[in-house]
Amino acid sequence: MQNRLSVPRTADLLCILPGAVAAAFMIGNHAMAWAPWIAVLFTLRFVRRTPAAQGLALGACAWALAYVAGWQGVLPFKGWLSYAVPAAAGFAAFLPFIADRLLSPRLGRSVRWVVLPTAWVAVEFAFSHLGYGTWGAVAYSQIALLPLLQTAAVVGLAGPAFLVGAFGSIANEVWQSPRRGWPLAAAFAGAVALILGGGWLLLRSTEPRATVQIAGIVVDNMPVFRNTWGPLSYGEPLDREAAERVRPSARALVQALFDRSEQAADRGARIIVWSEANALIFASDEADMIHLGQSFAARRGVYLFMAAAVMTPGEPLAENVIIVIDDRGRVVDRYLKSHPTPGEMSVRGDGRVRTLPTRYGRLAWAICYDFDYPGLIRQAGRAGADILIDPSWEHAGMAPLHSQMAAMRAIETGAGLFRPVNGGLGLAVDGRGRVISALPASRSLDEDLIADMPIARTWAPQVAVGDAFAWACAALLMILMIHAMRARRTRDQQSEA
């Protein structure tokens, strides 16, 4: 008797089309909340109902093409890398379907639905440790569904990923056998209703009334960048003569930042943040800039976060730093970016997030790409941070996605996020991910990002839970693999007998 799976119907074969199209809208700046739910369901239907070799090969190619389309113009790669990198990411995103196709036929109906969601979580978790952060995590596509995203306050990015995978798997069970699948679907629907209801209640909860005004400063630094930090990307360290030629422009840039900071303080800002590497200075001038910052902060009674790229003539790497000065003019920290962006020519920091107790709550800080790593920012949550400071710099193709990704760290830690951006979307959100203020790149050079940030943090047990749920999903997937292997061995022995 011929196996039913080896004779797929045309309708089953065509499922890969809506699956792949939806996959292209899971990622990038055009991500839609509905997309992953549709992509997972139709792709799983296709994979389950086609012969393994052909179905997996075609499905992997379809998802690779979908990711190439979805990531175009967003990722900072050029030439063939702009196609190869997203194609590889698409293949990685397809791995959960491969796991499901290989394992689910050997498992009972009551447990096989668990394979896809646990594999999805495990793959995303593993990918986040490969040096590219959490780019592509399905949770980022759900930014419009804030009640659902409150699961991240408990279990992190793994929560939305598990729900999307479980939906596809359970919906496919209903599609395949409505009478047998409905009880499982009803249980899942009830669980989702509780999650959405809980998220809605959290969003409706009373917020702290005390706030502090924060200003984010962005000054056009591209003319200086092209003659200082920029050439390092091409392996061309500056010599002393070149440094001397550009030094007056670099000093003028610093003065422009202080002028804008004075204006922000006049308008009532108590915390002032320069965007990432907005000051481009030489090591021999750093002490002078710090002295100016100390004098300014003490005179105006503000907390000043001076973000700068510090270069030394002849050295191949710059230091991408935040120099933190308190309202009495004391230097609190000199933080080096812990996760330089791939291709960024800067020294790697020590991976420690510092905090500062102030009259405006406890402040914590890191730089741009650092916020793509939940584990790093979780340090701030565990230290009780109330406000996360995130000076950033990115190309326009990353907006608004990259700022929305950073906003997830606010939900995970319960701390508000303030993110002034050079070249992207400036954004301030509270500890639930609700937007307080936003400033598009087109206006950032003329206006400051201003936000009245809540001082107290919100409830977020994820800072204590950490990656426990992701590890639990990985462990459960391993148990299912072992069970499937034993089931196959038992069937082989019975057939031999």
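Predicted, not measured: the structure shown is a model, and the values here were computed from it. (Residues numbered from 1 in each chain as written. Predicted model: local features only at pLDDT ≥ 70, side-chain atom pairs only at ≥ 80, totals over all residues. Heavy atoms only, no water.)

## Observations concerning the sheet that holds strand β9 (residues 387–389)
Consideration 1: The strand order across the open sheet formed by six strands is β7-β8-β9-β11-β13-β14, and the pairing between neighbours is mixed. Lying at the two open borders of the sheet, with one neighbouring strand each, are β7 (355–358) and β14 (435–439). Mean inter-strand twist for the sheet, computed between neighbouring axes without regard to direction, equals 20°.
Consideration 2: Both strand β8 (residues 361–365) and β9 contribute to a ladder of three bridges, which runs parallel. Each bridged residue has a counterpart across the sheet, and for Trp365 the counterpart in β9 is Ile389.
Consideration 3: Its contacts with the sheet place helix α16 (residues 401–413) against β9, β11 (416–419) and β13 (426–429), and it is angled at close to 155° to β11. (Pairing = 2+ DSSP bridges. Helix = DSSP H or I, 4+ residues; strand = E, 2+ residues; numbered from the N terminus. Axes fitted to C-alpha atoms, helices over the stretch in contact; angles between N-to-C directions. Contact = heavy atoms within 4.5 Å.)

## What about the pairing of β11?
Consideration 1: Residues of β11 alternate between two faces, with Gly416 and Phe418 on one and Leu417 and Arg419 on the opposite face, all of them buried.
Consideration 2: Relative to β11, β9 runs parallel, the two being bridged by three bridges. Looking across to β11, one finds that Leu388 is bridged to Leu417.
Consideration 3: Direction of pairing for β11 relative to β13: antiparallel, over a ladder of three bridges. In the sheet register, Phe418 faces β13, and the bridge partner there is Ala428. (Buried < 20%, exposed > 50% of the residue type's maximum accessible area, 1.4 Å probe, protein only.)

## Observations concerning the confidence of the model for the protein
Consideration 1: Per-residue pLDDT for the protein has a mean of 93; in total, 96% of the residues score no lower than 70.
Consideration 2: Here residues 1–6 is modelled with pLDDT under 50, and outside its nearest four sequence neighbours on either side it reaches eight contacts, counting other chains as well. (pLDDT = per-residue confidence, 0-100.)

## Observations concerning helix α13 (residues 240–266)
Consideration 1: Under the 1.5 Å per step criterion, the end-to-end length of α13 is 38 Å for 27 residues, consistent within 8% with the ideal 39 Å.
Consideration 2: The axis of α13 is deflected most strongly, by about 45°, at Val246, and proline Pro248 appears within four residues downstream.
Consideration 3: With a side-chain oxygen lying 3.2 Å from the backbone nitrogen of Glu241, the N-terminal cap of α13 falls on Asp239.
Consideration 4: With its phi angle positive at about 110°, Gly268 sits one or two positions after the end of α13. (Expected span 1.5 Å × (residues − 1). Bend = angle between axes of the 7 residues up to and from the residue. Polar contact = N/O pair within 3.5 Å; in protein donor to acceptor, adjacent residues only side chain to side chain.)

## What about the nonpolar core?
Consideration 1: By size, the foremost hydrophobic cluster in this structure holds 117 residues, and its most contacted members are Met26, Trp63 and Phe305.
Consideration 2: Here the element with the most residues in this core is helix α10 (residues 158–176); it accounts for eight residues.
Consideration 3: Among the nonpolar cores identified, the runner-up in size contains 43 residues, and Ala250, Val254, Ala318 and Val321 belong to it. (Core = buried A, V, L, I, M, F, W, Y, C linked by side-chain atoms within 4.5 Å.)

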